[in-house]
Amino acid sequence: MTRLAQTAGLNDIQREILATVRDFVDKEIIPVATQLEHRDEYPTEIVEGLKELGLFGLMIPEEYGGLGESLLTYALCVEEIARGWMSVSGIINTHFIVAYMLKQHGTQEQKDTFLPRMALGEVRGAFSMSEPALGSDVSAISSKGVKDGDEYVLNGQKMWLTNGGTSTLVAVLCRSDEGHPEGTAPHKSMTTFLVEKEPGFGEVRPGLTIPGKIDKMGYKGVDTTELIMDDLRIPANRVLGGTTGRGFYQMMDGVEVGRVNVAARGCGVAQRAFELGVSYAQQRHTFGKPIAEHQAIQFKLAEMATKVEAAHAMMVNAARKKDSGERNDLEAGMAKYLASEYCKEVVEDAFRIHGGYGFSKEYEIERLYREAPMLLIGEGTAEIQKMIIGRRLLEEYRFQG
């Protein structure tokens, strides 16, 4: 393990899991990540390796064939994987959000049907909340599910699905006015539907189309897609939890896990940027000595390392709060906000340390420079996080006049 970003209080199993993941990252991900990323190629062999390690079942309870580990263990594994290549951490993130939502909110039949196969990586999860004209305003969702006998008919267009093509189970948030009178608050008339599909692009089941991959600045390799529902019929027993109107709360619970994940990704990318920066600074010579011996570079390295440590500590705190069963939207929002902002800053400082070579695609820092911005918007922008933090602080510090 590196000297930075150590986590106190881990048990032997957690330390063994993290050591195994770090070894896998060093041997199987870092050597090929930049090449695969430049080709925008899905990392099939890496994903198969993660399956063999059991990481797709990391947080799934043992009774369903998983490892039954905590959110903290998962977050620390994500941190290690993102250190190797952030796109790989995205592949397992949405899978785990769906698995977590099933574990927390699913009916027994839904858990029995999906969780054992998700633990093996045979069923791969994605979740779909955003829409083309939606942004962060979840209450404005227009996709709709209408009851028709023993089925629901879904119509609408969703946006920004990570794993949209490779997934086989998508948790889709739609409006469902059935049973909810006119005037019901928007967040109380939303339902999460569990949509099974074939992997791939085009019409993946009758009424469901995945048009193709969205071409992105960074975060390549992993497939990001749209999802179009045109009279998509699904059975009523695929309403998550069996009751309509609970979708907003279920999704927000999953997003809290996702925000810890994004914080962990920010920590991992920042760690890698620091490693690249501190290594290059000791190899590059100017004015007769390594640039690491110049005070300006030492100041930069000091700031970078401090940001890595601070972000890691906040991410660990948010994960432990969620594991304790307590509300953690404040901690998750703070961790996501700080880690993503610090990640951007640490990556840019490492980029500056590399000088002109940082602009070359031959150097790994170029890839990190394009990946870091995604963390500023994924699972809620910085502005959304600050709104969440501000509201929660006012709840905690309510003026008693």
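Because the structure is a prediction, the values reported are computed rather than measured. (Residues numbered from 1 in each chain as written. Predicted model: local features only at pLDDT ≥ 70, side-chain atom pairs only at ≥ 80, totals over all residues. Heavy atoms only, no water.)

Considering the packing of aromatic side chains
Per the counting criterion, the structure on display carries six aromatic pairs. Ring plane angle 85° and centroid distance 5.9 Å describe the contact between F248 and Y249, whose orientation is recorded as edge-to-face. Taking relative accessible area as the criterion, F248 reaches 21% and is therefore assigned partly exposed. Looking at Y249, the relative accessible area reads 33%, which means it is partly exposed. Three or more aromatic residues joined by ring pairs make a cluster, and in this case those are Y280, Y357 and Y363. (Phe/Tyr/Trp six-rings, centres within 6.5 Å; stacked < 30°, edge-to-face > 60°. Buried < 20%, exposed > 50% of the residue type's maximum accessible area, 1.4 Å probe, protein only.)

Side note on the environment of S87
Along the chain, S87 turns up in helix α4 (residues 86–105). With relative accessibility at 1%, the residue S87 sits in the buried group. Residues S87 and K220 lie 133 residues apart in sequence; the distance between their C-alpha atoms is 6.4 Å. Polar side-chain contacts of S87 include one of 2.4 Å to the backbone oxygen of K220. (Helix = DSSP H or I, 4+ residues; strand = E, 2+ residues; numbered from the N terminus. Polar contact = N/O pair within 3.5 Å; in protein donor to acceptor, adjacent residues only side chain to side chain.)

With respect to helix α10 (residues 382–396)
For α10, built from 15 residues, the straight-helix expectation of 21 Å at 1.5 Å per residue is met to within 8% by its first-to-last C-alpha distance of 21 Å. Of the residues making up α10, those classed as buried are A382, I384, Q385, I388, I389 and R392. Projected down its long axis, α10 carries its buried residues within an arc of 160°, all on one side. What points out from α10, more than 90 degrees from its buried face, is the exposed set E383, R391 and L394. (Expected span 1.5 Å × (residues − 1). Arc of directions from axis to C-beta.)

Describing the domain arrangement of the protein chain
Entries for the protein chain in the domain assignment read domain 1 (10–118), domain 2 (124–243) and domain 3 (247–395). Each of domain 1 and domain 3 was reduced to a C-alpha centroid, and the two centroids are 20 Å apart. Summed over both partners, the interface of domain 1 with domain 3 buries about 2,700 Å², with 61% contributed by carbon and sulfur atoms. Looking only at domain 1, the three residues that lose the most surface to domain 3 are L71, E79 and M86, adding up to 25% of its buried area. In this structure, the connection of domain 1 to domain 3 is made through three salt bridges. For E275, the salt bridge is made with R83, and the minimal N-O distance between the two is 2.9 Å. Counting every contact that joins domain 1 to domain 3 gives 14 residue pairs in polar contact (both at pLDDT 80 or more). Across the side of domain 1 that touches domain 3, the residue classes tally to 15 nonpolar, 10 polar and four charged. (Domains from an automatic or database assignment. Buried area = accessible area lost by both parts, 1.4 Å probe. Salt bridge = Lys/Arg side-chain N within 4 Å of Asp/Glu carboxyl O. Nonpolar A, V, L, I, M, F, W, Y, C, P; charged D, E, K, R; others polar.)

Some remarks on the packing of helix α8 (residues 329–354) against α10
Look at α8 against α10: their axes get within 9 Å of each other, and the N-to-C directions meet at 145°. Here the hand of the crossing between α8 and α10 comes out left-handed. Residue-level contacts link D329, L330, G333, M334, K336, Y337 and E341 of α8 to A382, Q385, K386, I388, I389, R392 and L393 of α10. (Axes fitted to C-alpha atoms, helices over the stretch in contact; angles between N-to-C directions. Left-handed = near helix turned anticlockwise from the far one by under 90°. Contact = heavy atoms within 4.5 Å.)

Quick look at the nonpolar core
Core analysis: the largest hydrophobic core is formed by 77 residues, its most contacted members being I29 and I81. When contributions to this core are tallied by element, the ones reaching two or more residues are α1 (12–38), α2 (44–53), α3 (71–84), α4, α6 (247–283), α7 (295–323), α8 and α9 (364–377). Per-element accounting of this core gives the leading share, 13 residues, to α6. Two domains share this core, each providing at least three of its residues, namely domain 1 (10–118) and domain 3 (247–395). Residues within four places of I81 in sequence aside, it is in contact with V21, V25, I29, L50, L55, V88, S89 and I92. With 25 residues, the next largest nonpolar core counts I60, V123, L169 and M251 among its residues. (Core = buried A, V, L, I, M, F, W, Y, C linked by side-chain atoms within 4.5 Å.)

A word on the packing of α3 against α7
Where α3 contacts α7, the two axes come as close as 8 Å, and the packing angle between them is 150°. The pairing of α3 with α7 is recorded here as roughly antiparallel in orientation. Here L71, L72, A75, L76 and E79 of α3 come into contact with α7, specifically with H312, M315, V316, A319, R320, K322 and D323. Considered class by class, the residues forming the contact of α3 with α7 number seven nonpolar, one polar and four charged. (Parallel < 35°, antiparallel > 145°, perpendicular 65-115°, else oblique.)

Here we look at the side chain of K307
Relative to the assigned elements, K307 resides in helix α7. When its relative accessible area of 18% is taken as the criterion, K307 is described as buried.

Focus: the pairing of strand β5 (residues 190–196)
Of all seven residues in β5, six are buried; the element is thus mostly enclosed. Across seven bridges, the pairing between strand β4 (residues 169–175) and β5 is antiparallel. Note on β5: the bridge partner recorded for V170 is V195. (Pairing = 2+ DSSP bridges.)

Overview of the UniProt feature "domain: Acyl-CoA dehydrogenase/oxidase C-terminal" (unreviewed entry) in the protein chain
Residues given the UniProt feature "domain: Acyl-CoA dehydrogenase/oxidase C-terminal" (unreviewed entry) here are residues 245–394. In residues 245–394, the share of helix is 79% and the share of strand is 3%. The end C-alpha atoms are 28 Å apart. (UniProt positions renumbered as here; feature names shortened; annotations may be inferred.)

Looking at the pairing of strand β3 (residues 151–162)
By the bridge criterion, five bridges tie strand β2 (residues 144–148) to β3 in an arrangement that is antiparallel. Looking at β3, one finds that G145 is bridged to L154. Between β2 and the antiparallel strand that follows it, β3, lie two residues; G149 among them carries a positive phi value of about 70°. Here β3 runs beside strand β8 (residues 224–235); their pairing, made up of nine bridges, is antiparallel. In the strand pairing of β8, E151 is matched with P235.

Topic: α2
Residues spaced three or four apart along an α-helix point in a common direction, a consequence of the helix completing one turn every 3.6 residues. For α2, the full list of buried residues reads I46, V47, G49 and L50. Here the buried residues of α2 occupy an arc of 155° about the axis, which is enough to place them on one side. Away from its buried face, by an angle of more than 90 degrees, α2 presents the exposed residues E45 and E52. Buried residues along α2 sit against α1, α3 and α4. Phi for G54, located one or two positions after α2, is positive at around 85°.

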